[in-house]
Amino acid sequence: MAVKDRDRFSTATRIRLLGEQTAARVYRSQTKRQARRSRLTGRAALLALVLCSMVVALAYPIRQYVSQRSQIADLQRQREQARARVEQLRDLKARWQDDEYAEQQIRLRLHYVLPGETSYVVIDPNVAKQSRFEQGAGHRPWYTNVWDGVDKSDASAQ
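In this text, all values refer to a predicted model and were calculated from it rather than measured experimentally.

The rules we used
- Residues numbered from 1 in each chain as written.
- Predicted model: local features only at pLDDT ≥ 70, side-chain atom pairs only at ≥ 80, totals over all residues.
- Heavy atoms only, no water.
- Patch = residues over 30% accessible without salt bridge, like charges linked within 9 Å, V, L, I, M, F, W, Y side chains within 5 Å.
- Areas by Shrake-Rupley, 256 points an atom, 1.4 Å probe, with all protein chains shown as cover.
- Salt bridge = Lys/Arg side-chain N within 4 Å of Asp/Glu carboxyl O.
- Lys, Arg positive; Asp, Glu negative; His and termini not counted.
- Charge placed at Lys NZ, Arg CZ, Asp CG, Glu CD.
- Helix = DSSP H or I, 4+ residues; strand = E, 2+ residues; numbered from the N terminus.
- Buried < 20%, exposed > 50% of the residue type's maximum accessible area, 1.4 Å probe, protein only.
- Expected span 1.5 Å × (residues − 1).
- Arc of directions from axis to C-beta.
- Polar contact = N/O pair within 3.5 Å; in protein donor to acceptor, adjacent residues only side chain to side chain.

Participant: What should I look at first to understand a negative patch on the surface in this one?
Facilitator: Where like charges cluster on the molecular surface, the negative patch consists of D98, D99, E100 and E103. Its location among the elements puts D99 in helix 3 (residues 99-110). By relative accessible area, which is 63% here, D99 ends up exposed.

This is the structure in structure tokens:
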């Protein structure tokens, strides 16, 4: 027994036992780590792959859906504006059917007067003093002045 006790306390025996214990701990930690990794890695990779493919497959149709919905909203807004404009034009047409309104507009826009009435036109004295040359019309060719007159008359009609 004395030989057995001596072996138990020898340095070589202690180092061998320490190595075995360390090897057992490392082996246990590796098996636990491998068990944890192998349990979730395959499923997680498959789930990620499925989710990515779903996102890629649905991205374009969803973008098209959103853009088409915005186009539909724009068209509905334009339709409502057109309906409102049609109503305004119908009202204006109905007003022009009335003889009193037509006479009022003719007198206002064309400066017509009934027989026996006197028409007065008030001219701004500052504008009347300026000649066409001072207004800048003398420096331009004649056709530019004519075109400006057409533009001004067109703008006043609106």
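Participant: Looking at this structure, I do not really get helix 3. What am I missing?
Facilitator: Owing to its 3.6 residues per turn, the α-helix brings residues three or four apart onto one side. For helix 3, which comprises twelve residues, the first-to-last C-alpha distance of 16 Å matches the rise-based estimate of 16 Å (1.5 Å per residue) to within 8%. Buried residues of helix 3: Y101, A102 and Q105, and no others. For helix 3, the arc enclosing every buried residue in end-on projection is 95°, short of the 170-degree limit, so these residues lie on one face. Facing away from the buried side of helix 3, by more than 90 degrees, are the exposed residues D99 and E100. Within two residues after helix 3, H111 carries a phi angle of roughly 60°, on the positive side.

Participant: What exactly am I supposed to notice about the pattern of salt bridges here?
Facilitator: Once their charged atoms are close, side chains differing in charge can pair, the charge on each being opposite to the other. Counting across every chain of the model gives six salt bridges. Between R140 and D148 there is a salt bridge, and its shortest N-O distance comes to 2.8 Å. For R140, a relative accessible area of 36% translates into the label partly exposed.

Participant: Would you explain the side chain of N145 in this entry?
Facilitator: Among the structural elements, N145 can be located in helix 5 (residues 142-157). In this structure N145 comes out as buried when scored by relative accessible area, which is 17%. A distance of 2.9 Å separates the side chain of N145 from the side chain of R140, its partner in a polar contact.

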